[in-house]
Amino acid sequence: MNDFPELENELRALRPARPSPVLFERIEEAMVENCRTSAAADAGWLAKWFRRFAEWSRGDASDIDGQLVRARERGRASQTPYRFGIGLAAAAAAVVLLLARINTDQTRNEDKEIAQVAPASETRPVVPALSGGRDVDRSMSSNKFIPAGATQVVYNTRNEGLQFADGSREPLRRLRYQTQQTWQWRNPSTGASLRVSYPSEEVVLIPVSGQ
Amino acid sequence: MDNIANHENWKSCFSEIGPGLLLFARQWTRSASDAEDIVQEAFVKFWRRNHRIDNRALLYATVRSIALDFIRRDKRRARREATVFADADSTVEPQFEWEDEAQSALAAAVNCLPHDQREVLVLKIWNELTFSEIADALGISQNTAASRYRYALANLKKSLQPQ
């Protein structure tokens, strides 16, 4: 099969040029970069999920490669509030489920507790001062969280101009509010508190009166 | 050339196979820097997945695939390379370190080989692949690889004979 042993030996004696030292450095950098990228991808999946959810709820879309592409405005006034509503409903459902889980040991004849919508209530005891022995017993045995406060801080408002709703001649001013909502629960018996805080966005359309 | 390497010693592994890889990549490029770009991309991609070079055919197939993608990415380059391959293979020059006139003539003769024969010759002589591995890397049969190799040697012998 091998008819050219001498020629093969001559060819093997001919050595190809060696790679430049720069190539080693470039490969090393690429190796390190790959390790860093994969580690970041592993660690950041949760943050990525939350970011996508937040962007989805305010009207963004993302493609398969994870590159965020701003969704085009579709002209419908109800689009963003609709998405925001779904996001808010999901958050509210999560809160309700959390409360239901926390209050599983709550009996029907317990006094009704009312959430106070004021930041100051966070430091104020919601349950009245305990006086009777019966109340003391109930309080000591209770292990429940009760709503202690809810705040909504508007940290940015943007006027996005006028627009017309479908089939309407009246202009509407489009205002976008960016807020931070916080809910808090307290356990009077142990003093433990639970706080949930999340950013939200709301678009409001206000009719512009004729002048 | 056992080519078994762990994740840390890619440098020693690359020192061993780098020159052959670079020469193989030069089959599709006209400059050493382009060939180095291809080898870098292929080696990093291959090493990240395998952390060893025990499947050499797959490594060379990766180099070949990336080289072809590299050509496709630049259409002007693709047209130029296609013209080069069609008209005269001699302008695609593998780089060798020759020591005398005889080796210089041998290198020039290698550069004048048809592309498909030179490809097999490069894999066989300077990368020490078996015909089975060459067949896997190039997507051809073993018989085709062996016959191209024999044709390459015959053509070299013929071109080196005194007129």
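Heads up: these notes are all about the structure in this document.

Basis of the calculations
- All chains use their own residue numbering, which begins from 1 and follows the written sequence.
- For naming, the first written chain is A and the first written ligand is 1, with later ones following in the order written.
- Local features in this predicted model are restricted to residues whose pLDDT is 70 or higher, and side-chain atom pairs enter the listing and the counts only when it is 80 or higher, whereas totals over whole chains, interfaces and linings include all residues.
- To get the side-chain values, all heavy atoms of the structure are used, and hydrogens and water are removed first.
- Helix and strand assignments follow DSSP, with helices taken as H or I runs no shorter than four residues and strands as E runs no shorter than two, numbered in order from the N terminus.
- Think of it in three bands: residues with accessible area under 20% of the maximum for their type are buried, residues over 50% are exposed, and the middle band is partly exposed, with areas taken using a 1.4 Å probe on protein chains only.
- Any two residues having at least one pair of non-hydrogen atoms within 4.5 Å are treated as being in contact.
- Here, nonpolar core means buried Ala, Val, Leu, Ile, Met, Phe, Trp, Tyr and Cys residues that are tied together by side-chain atoms lying within 4.5 Å of each other.
- Domain extents, as shown, originate in an automatic or database domain assignment.
- Patches were defined on residues exceeding 30% relative accessible area and lacking a salt bridge, with like-charge contacts within 9 Å and nonpolar side-chain contacts (Val, Leu, Ile, Met, Phe, Trp, Tyr) within 5 Å.
- Every accessible area reported is derived by Shrake-Rupley at a probe size of 1.4 Å, with residue values counting cover from the shown protein chains alone.
- Should a side-chain nitrogen of Lys or Arg be within 4 Å of a carboxyl oxygen of Asp or Glu, the pair is scored as a salt bridge.
- When charges are tallied, Lys and Arg are placed among the positive residues and Asp and Glu among the negative ones, while His and the ends of the chain are skipped.
- Throughout, a charge is located at the NZ atom of Lys, the CZ atom of Arg, the CG atom of Asp or the CD atom of Glu.
- When the centres of two rings from Phe, Tyr and Trp lie within 6.5 Å, Trp using its six-membered ring, the rings pair. Their planes under 30 degrees apart give stacked, over 60 give edge-to-face, and anything left gives tilted.
- For a Lys NZ or an Arg CZ to count as sitting over a ring, it must be within 6 Å of the ring centre and within 35 degrees of the ring normal.
- Angles here are taken between N-to-C directions and fall from 0 to 180 degrees, while the axes themselves are lines fitted to C-alpha atoms, restricted in helices to the stretch in contact.
- Here the angle decides the label: under 35 degrees means roughly parallel, over 145 means roughly antiparallel, 65 to 115 means roughly perpendicular, and every other value means oblique.
- Buried area adds together the accessible area that both of two parts lose upon being put together, with accessible area traced by a 1.4 Å probe.
- Counted as a polar contact is a pair of N or O atoms within 3.5 Å, where, for protein atoms, one must be capable of donating a hydrogen and the other of accepting one, and residues adjacent in sequence contribute only when both atoms are in side chains.
- Think of it as three bins: nonpolar holds Ala, Val, Leu, Ile, Met, Phe, Trp, Tyr, Cys and Pro, charged holds Asp, Glu, Lys and Arg, and polar takes everything else, Gly as well.
- At least two DSSP bridges between two strands are needed for those strands to be called paired.

**Topic: the overall build of chain B**
Working step 1: When helices and strands are counted, chain B shows eight helices and one strand.
Working step 2: Along chain B, from the amino end to the carboxyl end, the secondary structure elements read α-α-α-α-β-α-α-α-α.
Working step 3: Here chain B, with 163 residues, has 49% of them falling under the buried criterion.
Working step 4: Taking as baseline every contact in chain B between residues at least 6 positions apart, the subset at least 24 positions apart corresponds to 64%.

**What to know about the nonpolar core**
Working step 1: Ranked by size, the top nonpolar core spans 59 residues in total, and within it Leu11(A), Phe14(B), Leu21(B), Phe43(B), Leu121(B) and Trp126(B) carry the most contacts.
Working step 2: When residues in this core are grouped by element, the largest group, nine residues, is from helix 1 (residues 10-25) of chain B.
Working step 3: Formed jointly, this core draws a minimum of three residues from each of two domains, domain 1 (1-90) and domain 2 (96-163) of chain B.
Working step 4: Not counting residues within four places of it along the chain, the set of residues in contact with Leu11(A) comprises Leu106(B), Val110(B), Leu121(B), Ile125(B), Trp126(B), Leu153(B) and Leu156(B).

**Examining a negative patch on the surface**
Residues and elements named next belong to chain B.
Working step 1: A contiguous patch of negative charge on the surface is contributed by Glu97, Glu99, Asp100 and Glu101.
Working step 2: Structurally, Asp100 can be placed in the loop between strand 1 (96-97) and helix 5 (101-111).
Working step 3: The exposure class assigned to Asp100 is partly exposed, which follows from its relative accessible area of 40%.

**Observations regarding the packing of aromatic side chains**
Working step 1: Scanning the model with the defined rule gives eight aromatic pairs over all chains in all.
Working step 2: Relative to Trp28(B), the ring of Phe24(B) lies with its centre 5.0 Å away and its plane at 90°, an arrangement referred to as edge-to-face. Taken individually, Phe24(B) and Trp28(B) each receive the classification buried, so the pair is uniform in this respect.
Working step 3: These aromatic residues form a ring-pair network of at least three members: Phe24(A), Trp10(B), Phe14(B), Phe43(B) and Trp47(B).
Working step 4: Positioned over the ring face of Phe131(B) is Lys124(B), at 4.4 Å from the centre of the ring.

**Quick word on the packing of helix 1 (residues 5-13) of chain A against helix 6 (residues 115-126) of chain B**
Working step 1: Two elements in contact, helix 1 of chain A and helix 6 of chain B, have axes whose closest approach is 10 Å; the angle formed by their N-to-C orientations is 80°. With respect to helix 6 of chain B, the axis of helix 1 of chain A lies roughly perpendicular. The segment helix 1 of chain A lies against helix 6 of chain B, with Glu8(A), Leu11(A) and Arg12(A) engaging Leu121(B), Ile125(B) and Trp126(B).

**Some thoughts on the interface of chain A and chain B**
It is common to give the size of an interface as the accessible area that goes away when the parts come together.
Working step 1: The partner chain B presents 37 residues to the 24 residues of chain A that form the contact.
Working step 2: Of the roughly 3000 Å² buried where chain A meets chain B, counting both sides, 69% is carbon and sulfur surface.
Working step 3: The largest contributions to the chain A side of the interface with chain B come from Leu11(A), Leu14(A) and Met31(A), which together make up 21% of the buried area.
Working step 4: Counting across the interface, chain A meets chain B through three salt bridges.
Working step 5: For the pair chain A and chain B, the number of links is ten residue pairs in polar contact (both at pLDDT 80 or more).
Working step 6: Looking at the side of chain A that touches chain B, the elements with two or more residues in it are helix 1, strand 1 (15-16) and helix 2 (21-43) of chain A.
Working step 7: With nine residues, the single largest contributor to the side of chain A that touches chain B is helix 2 of chain A.
Working step 8: Grouping the constituent residues of the side of chain A that touches chain B by class yields 15 nonpolar, two polar and seven charged.
Working step 9: Both strand 1 of chain A and strand 1 of chain B contribute to a ladder of two bridges, which runs antiparallel.

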